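Here is what each chain is made of, one letter per residue.
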Amino acid sequence: AQSVTQPDIHITVSEGASLELRCNYSYGATPYLFWYVQSPGQGLQLLLKYFSGDTLVQGIKGFEAEFKRSQSSFNLRKPSVHWSDAAEYFCAVGAGSNTGKLIFGQGTTLQVKP
Amino acid sequence: GAGVSQSPSNKVTEKGKDVELRCDPISGHTALYWYRQSLGQGLEFLIYFQGNSAPDKSGLPSDRFSAERTGGSVSTLTIQRTQQEDSAVYLCASSLVASTTDTQYFGPGTRLTVL
């Protein structure tokens with residue numbers, strides 16, 4: 001069965017520092033992978049997605065993620081964090097191309113220190 | 001244009017009561033999804049609709065949960081005889097079609113509290 005693991009429940013970084021949020025997935029075929037962000041009081045917003053091709057994908061708000069098949073990982077990165085990036089981040093894998101059903105990780109809460 | 005809307009935004013109910021949660025998808029979106037976000041459980045898939053039919057109900061936690069969609073638009077998630085463990089934020093999303101390659105747009109959620 002498909003599954004997603006986000007090992008870090010909570011991460012704190014200083015403003016201006018780099019960020020990496022970890023995501024590991026379990027999926028039998030080529031996965032469809034996503035990162036979503038949920039800001040306080042807001043709905044989930046898609047940051048970026050990977051379906052195929054270039055393993056480094058660029059998203060909105062300066063985020064990028066790298067798909068590494070050998071490590072079953074899809075880590076999210078940002079070179080310099082802004083205070084407004086404080087939010088909860090969810091990694092997800094598509095359960096099958098014809099359903100749209102997403103399997104989410106537990107989420108990582110990012111706190112940004114001034 | 002308008003995004004996905006959900007109502008009510010907050011619902012407090014007593015254990016044993018029935019509740020109805022509503023989702024209004026983006027106009028023209030044929031696929032609609034329900035997820036549940038609980039403390040410590042993350043985001044769990046509940047059910048999805050393609051048009052008015054629900055090909056996958058595998059995430060509904062018990063037979064107290066049901067959902068319908070009429071006219072290919074608005075969907076209602078009904079929880080009968082609510083229990084305290086049903087307390088969660090219920091999220092709805094929609095997409096053009098039910099395909100993993102199609103972006104899902106999420107609503108703000110309904111926070112359900114069962115006393």
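Each value, and the rule that gives it
- Residues numbered from 1 in each chain as written.
- Chains lettered and ligands numbered in written order.
- Predicted model: local features only at pLDDT ≥ 70, side-chain atom pairs only at ≥ 80, totals over all residues.
- Heavy atoms only, no water.
- Helix = DSSP H or I, 4+ residues; strand = E, 2+ residues; numbered from the N terminus.
- Buried < 20%, exposed > 50% of the residue type's maximum accessible area, 1.4 Å probe, protein only.
- Contact = heavy atoms within 4.5 Å.
- Core = buried A, V, L, I, M, F, W, Y, C linked by side-chain atoms within 4.5 Å.
- Disulfide = S-S within 2.5 Å.
- Phe/Tyr/Trp six-rings, centres within 6.5 Å; stacked < 30°, edge-to-face > 60°.
- Salt bridge = Lys/Arg side-chain N within 4 Å of Asp/Glu carboxyl O.
- Pairing = 2+ DSSP bridges.

1. Structural notes on the overall build of chain B
Stage number 1. Each helix and strand in chain B was counted, giving zero helices and 11 strands.
Stage number 2. Each helix and strand of chain B, ordered N terminal to C terminal, gives the series β-β-β-β-β-β-β-β-β-β-β.
Stage number 3. The dimensions of chain B, computed from C-alpha atoms along their principal axes, are 35 × 30 × 25 Å.
Stage number 4. Looking at chain B residue by residue over its 115 residues, the buried ones come to 49%.
Stage number 5. Summarising the internal contacts of chain B: among those between residues at least 6 apart in sequence, 55% fall at separations of at least 24.

2. Quick word on the nonpolar core
Residue and element names in this part refer to chain A.
Stage number 1. Leu19, Trp35, Leu47, Leu48, Phe74, Leu76 and Tyr89 are the most contacted members of the largest nonpolar core, which totals 28 residues.
Stage number 2. Sort the elements by how many residues they give to this core and strand E10 (residues 87-94) lands first, with four residues.
Stage number 3. Once residues within four sequence positions are removed from consideration, tyrosine 89 is found in contact with Gln6, Leu21, Trp35, Tyr36, Val37, Leu47, Phe63, Leu76, Gly107, Thr108 and Leu110.

3. Side note on the state of the cysteines
Stage number 1. The tally for this structure, following the rule as stated, stands at two disulfides over all chains.
Stage number 2. Between cysteine 23 of chain A and cysteine 91 of chain A runs a disulfide, and the two sulfur atoms are separated by 1.9 Å. Since a negative S-S torsion denotes a left-handed disulfide, the cysteine 23 of chain A-cysteine 91 of chain A link at about -65° is left-handed. Placement of the pair is cysteine 23 of chain A in the loop between strand E3 (19-21) and strand E4 (24-26) and cysteine 91 of chain A in strand E10, with a sequence separation of 68 residues.
Stage number 3. Paired through a disulfide, cysteine 23 of chain B and cysteine 92 of chain B show a sulfur-sulfur distance of 1.8 Å. Residues cysteine 23 of chain B and cysteine 92 of chain B are joined through a disulfide that is left-handed, its torsion about the S-S bond being -65°. Separated by 69 residues along the polypeptide, cysteine 23 of chain B in strand E3 (residues 19-24) and cysteine 92 of chain B in strand E9 (residues 88-95) bring together distant segments of the chain.
Stage number 4. Its relative accessible area of 0% is what places cysteine 92 of chain B among the buried residues.

4. A word on the packing of aromatic side chains
What characterises a pair of aromatic rings is the spacing of the ring centres plus the angle enclosed by the ring planes.
Residue and element names in this part refer to chain A.
Stage number 1. The full count for this structure, using the stated rule, is 17 aromatic pairs over all chains.
Stage number 2. Taking 6.4 Å as the distance between ring centres and 45° as the angle between the ring planes, the aromatic pair formed by tyrosine 50 and phenylalanine 74 counts as tilted. Pair noted here: tyrosine 50 is in strand E6 (residues 44-50) and phenylalanine 74 is in strand E9 (residues 73-78), with a separation of 24 residues, a long-range link. Note on accessibility: tyrosine 50 and phenylalanine 74 belong to one class, buried.

5. What about the pattern of salt bridges?
Close approach of charged atoms allows side chains of opposite charge to pair.
Stage number 1. This structure, assessed with the given rule, holds eight salt bridges over all chains.
Stage number 2. One salt bridge in this structure joins aspartate 86 of chain B and arginine 64 of chain B, with 2.8 Å as the shortest N-O distance. Residue aspartate 86 of chain B is found in the loop between strand E8 (75-79) and E9, and its partner arginine 64 of chain B is found in the loop between strand E6 (53-56) and strand E7 (65-69); the two are separated by 22 residues along the sequence.
Stage number 3. Taken together, the salt bridges that share partners define one network made up of Glu64, Glu66 and Arg77 of chain A.

6. Description of the pairing of strand E5 (residues 42-50) of chain B
Each regular strand displays side chains that alternate between the two surfaces of the sheet.
Residues and elements named next belong to chain B.
Stage number 1. When you tally the buried positions in E5, you get seven out of nine residues, the bulk of the element.
Stage number 2. Where strand E4 (residues 31-38) and E5 come together, eight bridges link them in antiparallel fashion. When the sheet's bridge partners are listed, glutamine 37 is paired in E5 with leucine 43.
Stage number 3. Between the end of E4 and the start of E5, which pair antiparallel, lie three residues, with glycine 40 showing a positive phi angle near 80°.
Stage number 4. Of the strand pairs in this sheet, E5 and E6 are connected by two bridges, and their pairing is antiparallel. If you follow glutamine 50 over to E6, its bridge partner there is serine 53.
Stage number 5. In sequence, E5 turns back onto E6 through a hairpin of two residues, with glycine 51 there showing a positive phi of about 65°.

7. Quick look at unusual backbone geometry
Stage number 1. Geometrically, the link from serine 7 of chain B to proline 8 of chain B is a cis peptide bond, its omega value of -10° lying close to zero.
Stage number 2. The topology assignment puts proline 8 of chain B in the loop between strand E1 (5-7) and strand E2 (10-13).
Stage number 3. The phi dihedral of lysine 61 of chain A falls on the positive side, at around 60°, and the residue is not glycine.
Stage number 4. Turning to its location among the elements, lysine 61 of chain A is positioned in the loop between strand E7 (56-58) and strand E8 (64-68).
Stage number 5. Note on lysine 61 of chain A: relative accessible area 45%, which makes it partly exposed.
Stage number 6. Unusually for a residue other than glycine, serine 72 of chain A sits at a positive phi of about 50°.
Stage number 7. On the secondary structure map, serine 72 of chain A appears in the loop between E8 and E9.

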